[in-house]
Amino acid sequence: MYLREMIARTMADRMAWFWMIFEPIATIAVMIFIRAYIRGGKNITGAEFIPWMIVGLMGFYLFREAMLRPMGAVEANRGLFTYRQILPIDPVLIRCFVEGMIRSFIFLLFVVVGSLLKINLIPDHAFGVMMDWLSLWMLGVGLGVLLSVASGLVPEVGRVVRIITLPLLLISGVIFPVTYVPAQYQQYLLWNPIVHGIESMRLSFFDSYHSIPGIDMTYLWFWALSTLTLGLVMHVRFASRLKAR
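As the structure is a computational prediction, the values presented were derived from the model and not from experiment. (Residues numbered from 1 in each chain as written. Predicted model: local features only at pLDDT ≥ 70, side-chain atom pairs only at ≥ 80, totals over all residues. Heavy atoms only, no water.)

**Remarks on the nonpolar core**
Stated formally: In plain words, nonpolar cores are sets of buried Ala, Val, Leu, Ile, Met, Phe, Trp, Tyr and Cys residues tied together by side-chain atoms within 4.5 Å. Only protein chains enter the calculation, and the probe is 1.4 Å; a residue is then buried if its accessible area is under 20% of its type maximum, exposed if over 50%, and partly exposed in between. Secondary structure elements follow DSSP: runs of H or I no shorter than four residues count as helices, runs of E no shorter than two count as strands, and numbering proceeds from the N terminus. Residues are treated as being in contact if the distance between any of their heavy atoms lies within 4.5 Å.
Among the nonpolar cores identified, the biggest contains 67 residues, and Trp52, Met53, Leu57, Met58, Phe60, Phe63 and Ile194 are the most heavily contacted of them. Of all the secondary structure elements, the ones that give two or more residues to this core are helix 2 (16-39), helix 3 (49-68), helix 4 (73-76), helix 5 (89-116), helix 6 (126-153), helix 7 (156-171), helix 9 (193-205) and helix 10 (217-244). For this core, the element with the most residues is helix 3, which contributes 14 residues. Not counting chain neighbours up to four residues away, the residues in contact with Phe60 comprise Thr165, Leu168, Leu169, Ser172, Val174, Ile194 and Ile198. Counting residues in hydrophobic clusters, the runner-up holds 5 residues, among them Val178, Leu189, Leu190 and Val195.

**Some remarks on helix 5**
Note on helix geometry: an α-helix contains 3.6 residues per turn, so any two residues three or four positions apart are oriented the same way. Under the convention used in this document: Multiplying 1.5 Å by the residue count of a helix minus one yields the expected span of that helix.
Between its first and last C-alpha, helix 5 extends 41 Å over 28 residues, near the 40 Å set by a 1.5 Å rise per residue. Following helix 5 by one or two positions, Lys118 adopts a phi angle in the positive range, close to 65 degrees.

**What about the environment of Gly144?**
Positionally, Gly144 belongs in helix 6. Between the C-alpha atoms of Gly144 and Phe63, which are 81 residues apart in sequence, the distance is 9.3 Å. When residues no more than four places from it in sequence are discounted, the contact partners of Gly144 are Ala66, Met67, Pro70 and Val92.

**Some words on the environment of Thr179**
Tracing the chain through its elements places Thr179 in the loop between helix 7 and helix 8 (183-189). Residue Thr179 is classed as partly exposed on the basis of its relative accessible area, which comes to 39%. Sequence separation between Thr179 and Phe107 is 72 residues; the distance between their C-alpha atoms is 25 Å. Filtering out sequence-adjacent residues up to four positions away, Thr179 remains in contact with Gln186, His210, Ser211 and Ile212.

**Topic: the packing of helix 3 against helix 6**
Quick reminder of the rule: To obtain an axis, a line is fitted to C-alpha atoms, over the contacting stretch when the element is a helix, and the angle between two such axes runs from 0 to 180 degrees between their N-to-C directions. The labels follow the angle: roughly parallel below 35 degrees, roughly antiparallel above 145, roughly perpendicular from 65 to 115, and oblique for the rest. Two helices that cross are described as forming a left-handed crossing if the nearer one is turned anticlockwise from the farther one by less than a right angle, and a right-handed crossing if clockwise. Polar here means any residue other than Ala, Val, Leu, Ile, Met, Phe, Trp, Tyr, Cys and Pro, which are nonpolar, and Asp, Glu, Lys and Arg, which are charged; Gly is therefore polar.
In the contact formed by helix 3 and helix 6, the axes pass within 7 Å of each other and the chain directions differ by 25 degrees. Regarding the angle of helix 3 to helix 6, the classification is roughly parallel. The chirality of how helix 3 crosses helix 6 is right-handed. Across from Met58, Gly59, Leu62, Phe63, Ala66 and Met67 in helix 3, the residues of helix 6 making contact are Trp133, Leu136, Trp137, Leu139, Gly140, Val141, Leu143, Gly144 and Leu147. When its residues are assigned to classes, the contact of helix 3 with helix 6 shows 12 nonpolar, 3 polar and no charged.

So this is what it looks like as structure tokens:
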């Protein structure tokens, strides 16, 4: 199932790898243009703008794909459910794993190419970055497992979730520093667990970077483990309905 999913993800479309790499490059190019020619300035306090942007985008795309891809896993693998040992949760978890591997490879590719282009993408605290990367992955996996059941039972859920990914990008501190938000509203940003993961990864990446007070990875893991537990419970409860739909 892993090989089947990996081949389908990377080779079913001749342009699959191109779009996975081009999407963050295009977003970064647009943001550089906005900052350089409209707003002015290319630096974030304590970090260079391009590495800062790459770290945020890669972290968000990891979370987003781990959350969205599992929603179609049950339907795409329905024919395999004739084998009794295969449950609806199996293709969901495999998709989460495949997306994590692909996004990790692309991030490493950006680090290597960026280093060759003299862009500082070598983290100051590599172990911390790996743990933050894993945390964002697990947050996406938790929501992905939960939404795979919800969208399997109510297809409209998947459409709504895909629509809100753009607002999530804007309110998660990915393309605009959270320090730009007035102090009295920053507490509301901290309700979003993605902010904690992305800002923590930037803090690990850039030793002199400063974020808003209150970044706490325990809060992110609370969300990740809660959604994963609820999703697994729902898979057990509705396994027969997911197979039969």
